[in-house]
Amino acid sequence: MEVFDNKRVYDDSDEELDLIAPKAKRAQWRHRRVGPPFLKFGRRVKYLGSDLNAYVEDNRVLPSDVA
């Protein structure tokens, strides 16, 4: 499944990232070292599209037939 462009580098301020979590929640995740992998360039935070797609796939929930 490809939700994000694998070849793109996303900035933390990009609105597309709100599909995963709001900006404040992503900041909490980075502080706690959870969530998708990220890159730091000084104070700038970037995400690779391929890492975001892997994160989405890892968090995919498949419903079961058992109630």
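Analysis parameters
Residues numbered from 1 in each chain as written. Predicted model: local features only at pLDDT ≥ 70, side-chain atom pairs only at ≥ 80, totals over all residues. Heavy atoms only, no water. Pairing = 2+ DSSP bridges. Helix = DSSP H or I, 4+ residues; strand = E, 2+ residues; numbered from the N terminus. Axes fitted to C-alpha atoms, helices over the stretch in contact; angles between N-to-C directions. Contact = heavy atoms within 4.5 Å. Buried < 20%, exposed > 50% of the residue type's maximum accessible area, 1.4 Å probe, protein only. Arc of directions from axis to C-beta. Patch = residues over 30% accessible without salt bridge, like charges linked within 9 Å, V, L, I, M, F, W, Y side chains within 5 Å. Areas by Shrake-Rupley, 256 points an atom, 1.4 Å probe, with all protein chains shown as cover. Salt bridge = Lys/Arg side-chain N within 4 Å of Asp/Glu carboxyl O.

1. Side note on the sheet that holds strand β1 (residues 9-11)
Next, step 1: The sheet built from three strands is open, its strands ordered β1-β3-β2 with antiparallel pairing. Looking at the sheet topology across the chains shown, the edges are occupied by β1 and β2 (39-41). Across the sheet, the mean angle separating the axes of adjacent strands is 35° when strand polarity is ignored.
Next, step 2: Here β2 pairs with strand β3 (residues 44-48) via three bridges, running antiparallel. By the bridge assignment, Lys-40 is partnered in β3 with Val-45.
Next, step 3: Where helix α2 (residues 49-58) meets the sheet, its contacts fall on β1 and β3, and the angle it forms with β3 comes to roughly 65°.

2. Quick word on the environment of Ala-54
Next, step 1: Turning to its location among the elements, Ala-54 is positioned in helix α2.
Next, step 2: Note: C-alpha distance between Ala-54 and Asn-6 (48 residues apart in sequence) is 9.7 Å.

3. Quick notes on α2
Next, step 1: Within α2, burial applies to Gly-49, Leu-52, Asn-53 and Tyr-55. All buried residues of α2 fall inside an arc of 160° around its axis, so they share one side.

4. Some remarks on a nonpolar patch on the surface
Next, step 1: On the surface, Met-1, Val-3 and Leu-19 cluster together into a nonpolar patch covering about 340 Å² of accessible area.
Next, step 2: Along the chain, the position of Val-3 falls in the segment before β1.
Next, step 3: Classification of Val-3 by relative accessible area gives partly exposed; the value is 40%.

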